Amino acid sequence: MTEHATPRVLPLLQQRPGGLPAPKAAFLDGSRMTACGLLSDGRGRSLRDLRISVTDRCNFRCSYCMPKEIFDHTHPYLAHADLLSFEEITRIAGVFVSHGVQKIRLTGGEPLLRKDIERLIEQLSTLRTTEDRPLDLTLTTNGSLLARKARALKAAGLQRVTVSLDGLDDAVFRSMNDVNFPVRDVLGGIDAAHAAGLGPIKINMVVKRGVNDQQILPMVRRFKGSPMVLRFIEYMDVGVTNGWRMDEVVPSQQVLETIQSQFALVKLAPRTPGETAQRWGFANTQGEHDAQAGEIGLISSVTQAFCGTCNRARLSTEGRLFLCLFAEQGWDLRSLVRAGASDADLASVIGHIWSGRTDRYSELRGTTSAHGAPGVRRVEMSYIGG
Ligand code: SAM
Ligand code: SF4
Ligand code: SF4
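Residues numbered from 1 in each chain as written. Chains lettered and ligands numbered in written order. Predicted model: local features only at pLDDT ≥ 70, side-chain atom pairs only at ≥ 80, totals over all residues. Heavy atoms only, no water.

**Q** What is the right way to look at the sheet that holds strand β8 (residues 278–282) in this model?
**A** For sheets, the rule is that strands pair by backbone hydrogen bonds, running either parallel or antiparallel. The sheet built from 12 strands is open, its strands ordered β7-β8-β9-β6-β5-β4-β3-β2-β1-β10-β11-β12 with mixed pairing. One side of each edge strand has no neighbouring strand; the edge strands of this open sheet are β7 (265–268) and β12 (331–332). In this sheet, strand β9 (residues 295–299) lies alongside β8 in antiparallel orientation, the contact comprising four bridges. The residue of β9 that forms the bridge with Gln278 is Leu298. (Pairing = 2+ DSSP bridges. Helix = DSSP H or I, 4+ residues; strand = E, 2+ residues; numbered from the N terminus.)

Structure below.
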């Protein structure tokens, strides 16, 4: 079979592999761990960022994430009783915060589809970091319901949003979301989020060669000089169903060259340690950053791995802790919570799990050590969240 005859969509082998049980050492008197706000993994990486998936459902069918041939009406989505409740999420999040987490991002699936999501935001917004500061509380959305919900989200305590938008051309956008959703409604959602004060807003564009690479420059023109930061994401081999191929990835370097063919850019320093995006600012005629014109970001998850500073943990919709976007299995925290574990027990379990973490999939991609061979059981992006 030639490469181009490879099926475009692969079957879902195992959407939700069984959860890993908590490490036994976490409960043994001599080896219990307590939260001290500074937890380091096997490669010296701190735990700072928690991404929480609140639903495995979505109203879009982006082919790189939930191809509609697989995620159709026969797909076994999680039952309501399997989801973590808002109280369970907040409790687990509180334990993560006691270990040093400073930022929480809600994701999915489409997080705004989770009923009463504002109630969860209200609860999470009461958490304080170990330095007694409010958390950086944010959410990634496809923007389809933002116009309706932006004000309520802000009132509940959400600080900002990231909106995914893969192009401005209506036909391209409709075909990428594969449910014929019009681009003007997402743009309306972005405006509503801005008006509600949910900024600074980030706009994420996944670039797929031959699909939306023609949209790079129109997107730059649209958001240059606006308060929004446009970020280009390399199409990743997350999950197994999207039939990912390297030749469909547009390397960030190429995106950069495309933009530089029309706009002068200067490299900017990272704002925070572990920042995933390389920042480039629009330059003025003296070659300095023109802050009014703003900046763009490049997220090179495939071509320039940033595992060395990866400080993110992911909590799935049903309460499994994943230490890497490309992990095959997650640790079952929900069973612990439902079996009556105390906060101290949870802190010890999370401490042991993070301390033992060695994940660096993107650094190993393409080598025999990466678990990226055909037939792998990596979880889907829509289950674990982006
Ligand atoms: N539904 C929401 C959205 O689209 O913003 C939140 C969940 S979505 C899984 C989170 C982010 O992951 C989105 O920005 C999406 O574009 C990105 N994403 C999904 N599949 C991807 C892939 N294969 N490669 C790169 N990014 C991907
Ligand atoms: Fe839905 Fe977001 Fe995945 Fe698109 S990327 S299918 S909007 S979860
Ligand atoms: Fe982090 Fe895994 Fe991505 Fe590396 S591949 S940056 S360890 S999530």
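**Q** Just checking my understanding: could you explain the site of ligand 1 for this structure?
**A** Neighbouring ligand 1 are 19 residues, the closest being Tyr64, Gly109, Thr140, Ser164 and Met236. Backbone polar atom of Thr141 to an oxygen atom of ligand 1: 3.2 Å apart, as the coordinates give it. Here Met236 contributes a backbone N or O atom positioned 2.8 Å from a nitrogen atom of ligand 1. The fraction of the free accessible surface of ligand 1 (540 Å²) that becomes covered by protein chains is 94%. Those elements that provide at least two residues to the shell around ligand 1 are β3 (136–141), β5 (202–207) and β6 (229–234). (Near = heavy atom within 4 Å. Polar contact = N/O pair within 3.5 Å; in protein donor to acceptor, adjacent residues only side chain to side chain. Areas by Shrake-Rupley, 256 points an atom, 1.4 Å probe, with all protein chains shown as cover.)

**Q** Looking at this model, I keep getting lost on the pattern of salt bridges. Mind explaining?
**A** Close approach of charged atoms allows side chains of opposite charge to pair. Here the structure, examined in full by the defined rule, presents 22 salt bridges. The partner of Arg32 in a salt bridge is Asp345, and the shortest N-O contact between them spans 2.8 Å. Linking Arg32 in the segment before β1 (49–53) with Asp345 in helix α9 (residues 343–355), this pair joins segments that are 313 residues apart in sequence. Its relative accessible area of 33% is what places Arg32 among the partly exposed residues. With a closest N to O distance of 3.1 Å, Arg245 and Asp247 form a salt bridge. One salt-bridge network, held together by shared partners, links Asp41, Arg45 and Arg357. (Salt bridge = Lys/Arg side-chain N within 4 Å of Asp/Glu carboxyl O. Buried < 20%, exposed > 50% of the residue type's maximum accessible area, 1.4 Å probe, protein only.)

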